[in-house]
Amino acid sequence: MIHCSVAHKYRLLIVLTVILTVGIIVPQRSLSRAGEQQSVIHQLRIYEIFDNNKKAFHDRFRDHAMRIMAKYDFKIVGTWESKKDNRTEFVYLLEWPDRETMADRWEKFLRDEEWIKIKKETGEMSGPLVGEIQDRTLYLTDYSPRKALAK
């Protein structure tokens, strides 16, 4: 028989109680969240842009696209420029309440007459401003430290 002090047995009992409690409560909280509606989704957009007319792209996005997107409740969390495989990329992150809103607002933005006119005019003046476009919808994990990123 193994001899243990009373203090050692007490510490062991506390540790086992904590392990069992965490093992039961944490999975239950995760399961209860799994059925809940996600609070927000994020959309990651990556545009290939060209160094020879990069300024024209940034001018158009900053001065026109962002303003028109705001009319349709686009929440732009942040914008970045990146280099990958000798390509210049413009990256931005959007926040949406749900997929349906995202699809609806993109449809409205792309049909906006002012945006169509600006795209046509800037394309005629500067040539193509955007190459390949990548689009990803991001869903938060239940352990994400922040549920919403936009202010």
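The model shown is predicted, which means the values in this text are computed figures rather than measured ones.

Draft legend 1. Region of the structure containing the overall build of the chain. From N to C terminus, the chain includes four helices and four strands. Its helices and strands in sequence order give the chain the pattern α-β-α-β-β-α-α-β, from N to C terminus. Burial analysis of the chain (151 residues in total) assigns 26% to the buried set. A separation threshold of at least 6 residues defines the contact pool for the chain, and within that pool the share at least 24 residues apart is 75%. Split by element, the accessible area of the chain, about 10700 Å² in all, is 59% carbon and sulfur.

Draft legend 2. Focus on the side chain of His 42. Along the chain, the position of His 42 falls in strand β1 (residues 41–49). Reaching out from His 42, the side chain makes a polar contact with the side chain of Glu 95 at a distance of 2.8 Å. What His 42 contacts, discounting residues up to four positions off in sequence, is Val 77, Leu 93, Leu 94, Glu 95, Arg 136, Thr 137, Leu 138, Leu 140, Lys 147 and Leu 149.

Draft legend 3. Focus on the sheet that holds strand β2 (residues 75–84). The antiparallel open sheet is built from four strands, whose spatial order is β2-β3-β1-β4. A strand with exactly one partner marks an edge of an open sheet, and here the two such strands are β2 and β4 (130–139). On average, each strand axis in the sheet is tilted by 20° relative to the strand beside it, whichever way the strands run.

Draft legend 4. Looking closely at the nonpolar core. The biggest cluster of nonpolar side chains holds 20 residues, and the ones touching the most others in it are Phe 74, Tyr 92, Trp 106 and Phe 109. Listed by contribution, the elements that provide at least two residues to this core are β1, α2 (54–71), β3 (87–96), α3 (99–111) and α4 (113–126). It is α2 that contributes the most residues to this core, five residues altogether. Excluding residues within four positions of it along the chain, Trp 106 makes contact with Gln 43, Arg 45, Tyr 47, Met 69, Phe 74, Tyr 92, Leu 94 and Trp 96.

Draft legend 5. Spatial organisation of α3. For α3, spanning 13 residues, the distance from its first C-alpha to its last is 19 Å, which sits close to the expected 18 Å at 1.5 Å a residue. Restricting attention to buried positions, one finds in α3 the residues Thr 101, Met 102, Trp 106 and Phe 109. Within α3, the buried residues cover an arc of 125° as seen down the axis, which keeps them to one side. In α3, the exposed positions that point more than 90 degrees away from the buried face belong to Glu 100 and Arg 111. Looking at the packing, one finds that the buried side of α3 touches β1, α2, β3, α4 and β4. The N-cap of α3, judged by a side-chain oxygen 3.2 Å from the amide nitrogen of Glu 100 a few residues on, is Asp 98.

Criteria and thresholds
Residues numbered from 1 in each chain as written. Predicted model: local features only at pLDDT ≥ 70, side-chain atom pairs only at ≥ 80, totals over all residues. Heavy atoms only, no water. Helix = DSSP H or I, 4+ residues; strand = E, 2+ residues; numbered from the N terminus. Buried < 20%, exposed > 50% of the residue type's maximum accessible area, 1.4 Å probe, protein only. Contact = heavy atoms within 4.5 Å. Areas by Shrake-Rupley, 256 points an atom, 1.4 Å probe, with all protein chains shown as cover. Polar contact = N/O pair within 3.5 Å; in protein donor to acceptor, adjacent residues only side chain to side chain. Pairing = 2+ DSSP bridges. Axes fitted to C-alpha atoms, helices over the stretch in contact; angles between N-to-C directions. Core = buried A, V, L, I, M, F, W, Y, C linked by side-chain atoms within 4.5 Å. Expected span 1.5 Å × (residues − 1). Arc of directions from axis to C-beta.

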